[in-house]
Amino acid sequence: MRRMVARPGNRHQARLLRLLRDEGPRSRAELTDAVDLSKSKVADELDRLVELGLVEGGGLAASRGGRRSPIVRIARHVHFVGIDIGATSVDVAVFDGELALLGHLAEPADVRDGPERVLDLALEMVAELRKQGLAPEVHGAGVGVPGPVSFRDGAPFAPPIMPGWNKYPVREALSQVLGCPVLVDNDVNIMALGEHHAGLAKQVDDFLFVKIGTGIGCGIFVEGRVHRGVTGSAGDIGHIAVEDDGPTCACGNTGCLEALFSGPALARDATTAATAGQSAFLARRLDEAGALTAFDVADAAAAGDQAAIAMVRDGGRRVGKVLAGLVSILNPGLIVIGGGVSRVGHALLAEIRGVVYRQSLPLATGNLPIVVSELGDQAGVTGAARMISDHVFQAE
Ligand SMILES: [Zn+2]
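Note that the structure is a prediction, hence the values are computed from the model and not measured. Residue positions are given per chain, counting from 1 as you read along its sequence in written order. The model is predicted, so local features are restricted to residues of pLDDT at least 70 and side-chain atom pairs to those at 80 or more, both for listing and for counting; the totals for chains, interfaces and linings are taken over all residues. Side-chain calculation: all heavy atoms of the structure are included, whereas hydrogens and water are not.

1. Digging into the overall build of the protein
- Only DSSP runs of H or I reaching four residues or more are called helices, and only runs of E reaching two or more are called strands; each is numbered from the N terminus. Scanning the protein from N- to C-terminus turns up 14 helices and 15 strands.
- Radius of gyration: over C-alpha atoms. The globule rule applied is 2.2 Å multiplied by the number of residues raised to the 0.38 power. The globule rule puts the C-alpha radius of gyration for 396 residues at 21 Å, and the 23 Å found for the protein is close to it.
- The principal-axis extents of the C-alpha atoms in the protein amount to approximately 80 × 50 × 40 Å.
- Type-normalised accessible area, obtained with a 1.4 Å probe on protein chains alone, sets the label of each residue: buried when under 20%, exposed when over 50%, and partly exposed for intermediate values. Residues counted as buried form 52% of the 396 residues belonging to the protein.
- If you take every contact in the protein between residues at least 6 apart in sequence, the share linking residues at least 24 apart comes to 61%.
- Throughout, the Shrake-Rupley method with a 1.4 Å probe supplies accessible areas, and for residues the shown protein chains are the sole cover considered. Of the roughly 17600 Å² of accessible surface on the protein, a fraction of 50% belongs to carbon and sulfur atoms.
- In this tally, Lys and Arg are treated as positive and Asp and Glu as negative; His is ignored, and so are the chain termini. Working definition for charges: the position is that of NZ of Lys, CZ of Arg, CG of Asp or CD of Glu. In the protein, the 39 positive side-chain charges and the 47 negative ones have mean positions that sit 6 Å from each other. The contact criterion used is simple: two residues touch if any of their non-hydrogen atoms lie within 4.5 Å.

2. Looking at the coordination of the zinc ion
- Coordination shells were defined by N, O and S atoms within 2.8 Å of each metal, extended to 3.2 Å for Na, K and Ca; water is absent from the atom set, which can make sites look incomplete. The zinc ion binds to the protein through His 239 (ND1), Cys 249 (SG), Cys 251 (SG) and Cys 256 (SG); the donor distances cover 2.0 to 2.3 Å.
- Irregular is the default label, applied whenever a site is not tetrahedral (four donors, all angles between 85 and 135 degrees) and neither square planar nor octahedral (four or six donors, opposite donors over 155 degrees apart, all other angles between 65 and 115). For the zinc ion, the four donor atoms are set out with angles of 104 to 124 degrees between them, so the coordination reads as tetrahedral.
- In primary sequence terms, the donor set of the zinc ion follows H-x9-C-x1-C-x4-C.

3. What to know about the packing of helix H4 (residues 115–131) against helix H5 (residues 170–178)
- The axes are straight lines fitted to the C-alpha atoms, using for helices just the contacting stretch, and the angles between their N-to-C directions are given from 0 to 180°. Packing of H4 against H5 leaves a shortest axis separation of 11 Å and a crossing angle of 30 degrees. As summarised for this structure, H4 and H5 are arranged roughly parallel, according to the angle between their axes. The handedness of the crossing between H4 and H5 is right-handed. Between H4 and H5, the contacting residues are Leu 119, Leu 123, Val 126 and Arg 130 on the first element and Val 170, Leu 174, Val 177 and Leu 178 on the second. Angle categories: roughly parallel below 35 degrees, roughly antiparallel above 145, roughly perpendicular from 65 to 115, and oblique for all the rest. With the far helix as reference, a near helix turned anticlockwise by less than a right angle produces a left-handed crossing, and one turned clockwise produces a right-handed crossing.

4. Re the packing of aromatic side chains
- Each pair of aromatic rings taken from Phe, Tyr and Trp, with Trp reduced to its six-membered ring, is defined by centres within 6.5 Å and is described as stacked if the planes are under 30 degrees apart, edge-to-face if over 60, and tilted in the remaining cases. A complete count under the given rule lists two aromatic pairs for this structure.
- Relative to Phe 393, the ring of Phe 80 lies with its centre 5.5 Å away and its plane at 80 degrees, an arrangement referred to as edge-to-face. With Phe 80 in strand S4 (residues 79–85) and Phe 393 in the segment after helix H14 (378–392), this pair connects stretches of sequence that are 313 residues apart.
- Judged by its relative accessible area of 0%, Phe 80 is buried.
- Its relative accessible area of 0% is what places Phe 393 among the buried residues.
- Both rings, one in Phe 207 and one in Phe 221, keep their centres 4.7 Å apart while their planes meet at 20 degrees; by these two values the pair is stacked. On the criterion of sequence distance, the pair formed by Phe 207 in strand S11 (residues 207–212) and Phe 221 in strand S12 (residues 216–222) is long-range, its members being 14 residues apart.
- For Phe 221, a relative accessible area of 2% corresponds to the buried category.
- Taking the ring centre of Phe 151 as reference, the NZ or CZ of Arg 228 above it sits at 3.7 Å. Placement of a positive charge over a ring is assigned whenever Lys NZ or Arg CZ falls within 6 Å of the ring centre and within 35 degrees of the normal to the ring plane.

5. Here's the deal with the pattern of salt bridges
- By definition, a salt bridge exists where a carboxyl oxygen of Asp or Glu is found within 4 Å of a side-chain nitrogen of Lys or Arg. Evaluation of the coordinates by the stated rule reveals 22 salt bridges.
- Between Arg 112 and Asp 110 there is a salt bridge whose closest N-O contact spans 3.0 Å.
- A residue is classified by how much of its surface remains accessible, and Arg 112, at 57% relative accessible area, is exposed.
- Judged by its relative accessible area of 26%, Asp 110 falls in the partly exposed class.

6. Observations regarding the sheet that holds strand S7 (residues 140–145)
- Strand order in the open sheet formed by five strands is S6-S5-S4-S7-S10, and the pairing between neighbours is mixed. Every interior strand has two partners, whereas the edge strands, strand S6 (101–108) and strand S10 (182–186), have only one. This sheet shows a mean twist of 15 degrees between the axes of neighbouring strands, independent of strand direction.
- Packing of H4 onto the sheet brings it into contact with S4, strand S5 (89–96) and S6, and relative to S5 it is tilted by some 35 degrees.
- In the packing of helix H6 (residues 187–198) onto the sheet, contacts are made with S4, S7 and S10, and the angle to S10 comes to roughly 100 degrees. Strands are treated as partners if at least two bridges between them are detected by DSSP.

7. Details of the nonpolar core
- What we call a nonpolar core is a set of buried Ala, Val, Leu, Ile, Met, Phe, Trp, Tyr and Cys residues that are connected through their side-chain atoms within 4.5 Å. In this structure, Ile 83, Ile 85, Val 92, Val 143, Trp 165 and Leu 174 are the most contacted members of the largest nonpolar core, which totals 73 residues.
- Beyond its immediate stretch of four places on either side in the chain, Val 92 contacts Val 81, Gly 82, Ile 83, Gly 103, His 104, Leu 105, Ala 122, Met 125, Val 126, Leu 129 and Val 381.
- Among the nonpolar cores identified, the runner-up in size contains 43 residues, and Leu 208, Ala 270, Ala 294 and Ile 335 belong to it.

8. Observations concerning the sheet that holds strand S2 (residues 55–60)
- Spatially, the three strands line up as an open sheet ordered S1-S3-S2, and their pairing is antiparallel. The open sheet is flanked by strand S1 (26–27) and S2, the only strands paired with a single partner.
- As paired elements, S2 and strand S3 (residues 70–74) share four bridges and run antiparallel to each other. Note that in S3 the partner of Val 55 across the bridge is Ile 74.

9. Overview of the side chain of Asp 84
- With respect to the helices and strands, Asp 84 occurs in strand S4.
- Buried and without a salt bridge, Asp 84 has Lys 211 as its closest oppositely charged side chain, separated by 6.3 Å.
- Apart from residues lying up to four places away in sequence, Asp 84 is in contact with Ser 89, Val 90, Asp 91, Gly 144, Asp 187, Ile 190, Gly 380 and Val 381.

Right, dumping it as structure tokens:
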């Protein structure tokens, strides 16, 4: 059921579409002012976009003296889908052509169940949103997965925590069912893009987005774009060695940052502390619940439990050391911390800030806020939709 999705015919049309996406409905006169093209050229390009079904009329603007200029907007039938596949959950959301969120579903899922089951679930969630009348037509879908992605191939590449996904053609599989263009990227990159589009990194062109969850990764924004590197693995900081030895990581090495500090690592250390008699708080929780998670460590730290506070500080120090190195290399203007473990609380943020500010040069940290994301679960789906809309609103 693959069919053609209309795309702009040249870069002027692409620019007009992105303006209308980001700024909302505008009069033809305002658009002419914004793009520095002649009035007749803008009129021609807009007429063509109306013919393509990407733009539609929206009444008349208030008079600026003389004739009232007709308003245009992204056509109401244009919709984008954002899919954020995490290690333990799938989020799917539908957006209109201006990237306003229309509907959002989240389901628990285990990425280790493999691509067929997880992608089937994601497609069922898209179908559910469409059944609610939210996206009769889909013009593109963006997808994030929790591992390294060959962006060119639209497929995961040797992902440590995604058995069965290596080189699985995620882009082709979804594109065939949805009948629209699909792009696939690492989940951290799409979260960074979401922060840039609608979060704390709006208006910041050089920043780092650090996700601390089941794994640890970093989305790197340089000059307003995701920096993916030659093969798409830039920012994979979870596997930087921060100790000479330590627990074996999912990637097979030892001493990796994410083997020492991530959701599962915190749960493991909390269980050890509870059973070794180092934390009465965690021992009680373990007794009650039968297992511990990173959130028990957060609760324990908030209650003043010394063992839990030490775990959070050690983790923050290790993350901070890696970030201090990145700050020296990239000189970002902002660092946003996200992912489930970022909710561990202030002790983590304080430790990361302390290490980064101490270990980087003053010129690099003089104006470097380090903050916790406010978008939460919306960062990924928003970034995924933004990624595919950039692609669709681009001249072929
Ligand atoms: Zn590793």
